[in-house]
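Notes for the structure review
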Amino acid sequence: MGQKKAHEVGAWLSGSHPDVKIVLVYGPDRGLVSETAGKFAGNTGLALDDPFAVLKLDSTDLAGDSGRLIDEARTISMFGGSRLIWLRNATGDKSLNDAVSVLCDEPPQDALILIEAGELKKAAALRKTVEQANSAMALPCYTDNARAIENLIDEELSMAGLSIGLEARRLLKNSLGGDRLASRREIEKLVLYNRGSEVIEPEDVLSSIGDVSAQSQDAVVDAVLNGDSKGYDLAFTRFAATGTSPFLALSSTMRQLQALQMMREKLDRSKASTASIVAAARPPVFFGRRQTVENALSRWNAELISKALARLQDAVLKTRQNADLASSICRQTLLALCLESARLNRRR
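Residues numbered from 1 in each chain as written. Predicted model: local features only at pLDDT ≥ 70, side-chain atom pairs only at ≥ 80, totals over all residues. Heavy atoms only, no water.

**Things to note about the sheet that holds strand β3 (residues 83-90)**
Heads up, the condition is: At least two bridges found by DSSP between two strands are what make those strands a pair. Secondary structure is summarised from DSSP: a helix means a run of H or I of at least four residues, a strand means a run of E of at least two, and numbering begins at the N terminus for each. Note on geometry: axes are lines fitted to C-alpha atoms, helical ones only across the stretch in contact, with angles between N-to-C directions running from 0 to 180 degrees. We call two residues in contact whenever any of their non-hydrogen atoms come within 4.5 Å of each other.
Read across the open sheet, the five strands follow the order β2-β3-β4-β1-β5; overall the sheet is parallel. At either end of the open sheet lies a strand with only one pairing partner, and these are β2 (54-58) and β5 (136-140). Neighbour to neighbour, the strand axes of the sheet diverge by 15° on average, direction disregarded. Where strand β1 (residues 22-26) meets strand β4 (residues 111-117), five bridges bridge the pair, whose relative direction is parallel. Among the inter-strand pairings, Y26 is bridged to a residue of β4, identified as A117. Helix α2 (residues 30-43) contacts β1, β3, β4 and β5 of the sheet and is inclined by roughly 170° relative to β4. Against the sheet, helix α4 (residues 94-105) touches β1, β3, β4 and β5, its axis set at about 140° to β1.

**So, the state of the cysteines**
This is how it is decided: The disulfide criterion is simple: two cysteine sulfur atoms within 2.5 Å. Only protein chains enter the accessibility calculation, which uses a 1.4 Å probe; a residue is then buried when its area is under 20% of its type maximum, exposed when over 50%, and partly exposed in between.
Under the defined criterion, the tally for this structure stands at zero disulfides. With no disulfide partner, C141 has as its closest neighbouring cysteine sulfur the one in C104, 18 Å distant. The class of C141 is buried, set by a relative accessible area of 2%. With no disulfide of its own, C338 lies closest to C330 among cysteine sulfurs, the gap being 15 Å.

**Details of helix α3 (residues 67-74)**
Because the α-helix completes a turn every 3.6 residues, residues three or four places apart line up on one side. Heads up, the rule is: The arc in question is traced by the directions running from the helix axis to the C-beta atoms.
For α3, the full list of buried residues reads L69, I70, E72 and A73. One face of α3 carries all of its buried residues, which in axial projection span an arc of 165°. Where α3 is buried, its residues meet β2, β3, α4 and β4.

**Quick word on the pattern of salt bridges**
As a reminder, the rule being used: Any carboxyl oxygen of Asp or Glu within 4 Å of a side-chain nitrogen of Lys or Arg constitutes a salt bridge here.
With the rule as written, the count across this model stands at 21 salt bridges. Two residues, E72 and R83, come together in a salt bridge whose shortest N-O distance is 3.5 Å. One end of the pair, E72, is in helix α3; the other, R83, is in strand β3, and 11 residues separate them in sequence. For the pair E72 and R83, one class covers both residues: buried.

This is the structure in structure tokens:
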């Protein structure tokens, strides 16, 4: 069977597989999909900037012309040698699957087919076609877990000759995890910020990865979702101390509840677990906050979320009508939601 588990992908990429002519890289983490596809392409030994050796296509290029992929795979290179046909943003549509099926039955002799796709369920035709072919390989890419994030941090900092303390590492981990490419870019930014230093301190992470007011907003939202009234009081006090408009705390909570509302709709329509719903959320939920969101999703039903959003919208209106009382209005409204979360916790 032409498939690997997510934890086996790295080892497979480091090997040689001359019999594999078609590689499907798929998963919800688009950054990791892109990075994995790039590693495979780099291992082919072809000059990736040579248009005669590498043909890059988007799924839109095949719209209405699914036979083009087959034609390109059968085309002989102008200067001889192998070619790489790199298809991005593929979907599970029937026409693409039909073309890939033909190529799996009659693998190209002088071409490699590399396909990047988003999330494909186990029953998706394209995924099944590749997994069942002897000349093809399916490589799944799933959102980074804690160990993968640790490895990514170690990899980037080791190359830069930097070390990082425990508290700074914790802060950094909590800021990463939704998307491999985005996480790598954030670590690269931190490395650049600390050029000339030897050790990364917590203050460096706070200055480089995100601004304090944004993190304070997240702390307020998480306290509300967790039903942590003591934590909420401290978080809101710190948030207010940043001098940021109190409206932004309401806005952040509204965005989180709107995202929770969409996830709740998917959960109610499907038999999926809360963990899988949260993992597939777009925009992605940071790894450090995922458990909080999962717990909230399991407690807050659609009706409660709608009522909470209505309450927040009413508070927004009141802050505009009474600007001098905006901070008090925000504090009391969010505290009420925090207490509602605590009540839901007790009912579990």
